[in-house]
Amino acid sequence: MEETMIEAFDTVDVIRTKRDGEELSTAQIDWVIDAYTRGWVTNEQMAALAMAVFINGMNRREIFDWTKAMIASGECLDFGSLPRPTADKHSTGGVGDKITLPLAPLVASFGVAVPQLSGRGLGHTGGTLDKLEAIPGWQADLSNEKIMEILGTGCGAVVCAAGAGLAPADKKLYALRDVTSTVDCVPLIASSIMSKKIAEGSASLVLDVKVGSGAFMKNVDKARVLAETMVALGKDAGTHTVALLTDMSTPLGREVGNAGEVSEAVEVLAGGGPADVVELTVALAREMLTAAGKPEADPAKALASGAAMDTWRAMIRAQGGDPEAPLAKAKEHMEVKAERSGVLSRLDALSVGVASWRTGAGRARPGESVQLGAGITLHAKPGDTVTAGQTLFTLHSDEPQRFARALEALEGGWEISDSFEGARPLIIDRIS
C-alpha cells in the first residue's frame, strides 16, 4: 500500500509542474504532502517546491487541497459532543497583543466553549503561552481528555499548547520555510494557519489579521488578500469564518512583555485597562458570540462589570495556576524620558517589539527560555501630550546589560511633535 502510494508520482515532476506555473492536481498535492511528512520527499525537494509556490502562487482549489492534505497528515479534534457551541480566535501576531487572555474567559462566560490552542513567541512577537507561564503553577500542556473536560463541564475556556499530532506536515514545512525565505507567501501562510485551526475542530473561527510595522503583514492590501484567502478556506472546510483587519503600527495597550501583559489583561477583565485593548477584545468577542449563535450577548457590558473575572480565575486554576499569586517582576528597571514637550506623534510597534525582545521577554530561537518579568511599560501612546523630563517608557530586565541594545532598538521608533494628525482606526476592515 505504502509503496504504491509513494511511487504514484515523481517528486521532480511535481516540482517542475509548479515551477512552470501550472496547476498541481489534487492527487499530486495529497501525495507530496504525505510523502514529505513520511520523509520520502526530502527537505531539498520540498524547499524547491515551496519556492516554486512562492514565485508562481496557487489558485483557490490548490490552496484548499494543500490545506486538506496538511490536516490529513495528523489527528483532528472533534468538539461535536460538547454541550456548548464552540468558537475559536486566531491572531497573526503583534506587539502587546494580549487579547486572547481576556477574550477567552469573556466569551466562555456566555456559555460558549473556547478552545484556544496557542503558541510561543519568536523574535519580536510575543507568545500567549509564554505570557500565561508568568502565572505560578500554570501549565501549557494538556491531554485531549483534559481539554474536553474543561470545555464540556468546566469553565469552558482552554488556552494551551497544540499537540504534536495536529497537522505535523505544517510543523515540518514551517521550519523549512523559515530557513528558505519562503515564509512571506499568502498560499503557504493561509494553509499553514488554517490547517491547524480546522484540525482543532471548532465550529467557528474569528481571525485577527494584523497590519502594520509590528505585524507580519505590513501592507493593508496584502493583508486583505491573506484574510480573504483564509476566510475562503474556512468556508470551504465547513467552518464559519470571519476576519478582522486590525492595526499593528503601534503596540496594543501599555504593557509589552509576559507578566506585564497578564497584569494588563486582568485589568481589562476587572472593567478597566487601555481603551484599545478593550475595543479589540469586545469586537472579537461580538464576532465569536454571533458565530456561536448568541448575537444578543453584550460582551462590552460583561467586561465593564467584571463579570468574566470568575471565568478567568477558573480557567487559570483548571490548568494548575494560582490566579491570586503575585506575577514575576524583573530585578532591574530603566526609564526613558522625553527630551522635549509636545505630543507623542509616533510609536513604532516593531521598534518596541524588538526592544522588549532584547530585554529578555522573547527568544531568538525555539526552545530558549524567556524572562517572565522582562519587557516594556509604555507611559504614553500616540496622541498623548508629554512634557520634557516625563517618563515615556520603563524597561524591565533581570540583566541590566541588556538595556543598551534595547535602547538601540527604540532609537528612531518614536517621535514627539507639536501636533498629532490622528492614527489609523484600530479595526480597519471586516471580511466574511
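Residues numbered from 1 in each chain as written. Predicted model: local features only at pLDDT ≥ 70, side-chain atom pairs only at ≥ 80, totals over all residues. Heavy atoms only, no water.

Student: Got a sec to walk through the domain arrangement of the protein chain? Specific residues and values, please.
Tutor: Annotation of the protein chain at the domain level lists domain 1 (11-57), domain 2 (87-319) and domain 3 (332-417). Spacing between the C-alpha centres of domain 2 and domain 3 amounts to 25 Å. At the interface, 24 residues of domain 2 touch 28 residues of domain 3. Roughly 1,800 Å² of surface becomes buried between domain 2 and domain 3 when both sides are summed, with 52% attributable to carbon and sulfur atoms. The interface formed by domain 2 and domain 3 contains three salt bridges. Our count for the domain 2 to domain 3 interface comes out at 18 residue pairs in polar contact (both at pLDDT 80 or more). In the side of domain 2 that touches domain 3, the residues fall into eight nonpolar, 10 polar and six charged. (Domains from an automatic or database assignment. Contact = heavy atoms within 4.5 Å. Buried area = accessible area lost by both parts, 1.4 Å probe. Salt bridge = Lys/Arg side-chain N within 4 Å of Asp/Glu carboxyl O. Polar contact = N/O pair within 3.5 Å; in protein donor to acceptor, adjacent residues only side chain to side chain. Nonpolar A, V, L, I, M, F, W, Y, C, P; charged D, E, K, R; others polar.)

Student: Describe the environment of W138, and please don't skip the residues or the numbers.
Tutor: Relative to the helices and strands, W138 resides in the loop between α7 (128-132) and α8 (144-152). Given the relative accessible area of 5%, W138 is considered buried. In this structure, the C-alpha to C-alpha distance between W138 and D322, residues 184 residues apart in sequence, is 7.2 Å. Discounting chain neighbours no more than four positions away, the residues touching W138 are L129, L132, E133, V159, I316, Q319, G320 and G321. (Helix = DSSP H or I, 4+ residues; strand = E, 2+ residues; numbered from the N terminus. Buried < 20%, exposed > 50% of the residue type's maximum accessible area, 1.4 Å probe, protein only.)

Student: So what about the pairing of strand β2 (residues 114-118)? Which residues, and what values?
Tutor: The buried count for β2 comes to five of five residues, which makes it a mostly enclosed element. Side chains V114, Q116 and S118 project from β2 onto one buried face, and the interleaved P115 and L117 project onto a second face that is buried too. Pairing of β2 with strand β3 (residues 157-161) involves five bridges; the strand directions are parallel. Of the residues in β3, the one forming a bridge with V114 is A157. (Pairing = 2+ DSSP bridges.)

Student: Explain the pattern of salt bridges to me, and be specific about the residues and the numbers.
Tutor: Scanning the model with the defined rule gives 31 salt bridges in all. The residue E287 makes a salt bridge to R430 at a minimum N-O spacing of 2.7 Å. A residue pair is termed long-range when its members are at least 10 positions apart, and E287 in helix α13 (residues 275-291) and R430 in strand β13 (residues 427-431) qualify at 143 residues. Residue class for E287 comes out buried when judged on its relative accessible area of 14%. In this structure R430 comes out as partly exposed when scored by relative accessible area, which is 44%.

Student: Account for helix α5 (residues 60-72), with residues named and values stated.
Tutor: The terminal C-alpha atoms of α5 lie 18 Å apart, and with 13 residues this matches the ideal 18 Å at 1.5 Å per residue to within 8%. For α5, the full list of buried residues reads E62, I63, F64, D65, W66, T67, A69, M70 and I71. The inward-facing, buried residues of α5 abut α2 (11-19), α3 (26-38), α4 (43-56), α9 (168-178), α10 (186-199) and α11 (220-236). For α5, the side-chain oxygen to backbone nitrogen distance between the N-cap and R61 is 3.2 Å, and the N-cap itself is N59. (Expected span 1.5 Å × (residues − 1).)

Student: Before we move on, could you go through the sheet that holds strand β9 (residues 375-378) and cite the residues and values that matter?
Tutor: The strand order β6-β9-β11-β7 describes an open sheet built from four strands, whose pairing is antiparallel. Strand pairing shows two members of the sheet lacking a second neighbour, β6 (255-256) and β7 (332-337), which therefore form its edges. Here six bridges tie β7 to strand β11 (residues 391-397), and the two strands are oriented antiparallel to one another. For V336, the partnering residue across the bridge sits in β11 and is F393. Most of the contacts of helix α17 (residues 403-410) go to β11, to which it runs at about 140 degrees, and overall it touches β7 and β11. (Axes fitted to C-alpha atoms, helices over the stretch in contact; angles between N-to-C directions.)

Student: Can you explain the sheet that holds β13? Please cite residues and give values.
Tutor: Taken in spatial order, the four strands line up as β1-β4-β5-β13 in an open sheet, and their pairing is mixed. The outermost strands of the open sheet, each flanked by one partner alone, are β1 (88-91) and β13. Recorded for the sheet is a direction-independent mean angle of 20 degrees between the axes of neighbouring strands. Both strand β5 (residues 240-247) and β13 contribute to a ladder of four bridges, which runs antiparallel. Bridge assignment links T246 to a residue of β13, and that residue is I427. On top of the sheet, α11 reaches β4 (204-211), β5 and β13; it is set at about 165 degrees to β5, its chief contact.

Student: Hey, could you go over the side chain of S192 for me, with residue numbers and the actual values?
Tutor: Relative to the assigned elements, S192 resides in helix α10. S192 gets classed as buried once you look at its relative accessible area, which sits at 4%. A polar contact of 2.6 Å, which involves the side chain of S192, links it to the side chain of D170. Filtering out sequence-adjacent residues up to four positions away, S192 remains in contact with M70, D170, Y174 and R177.

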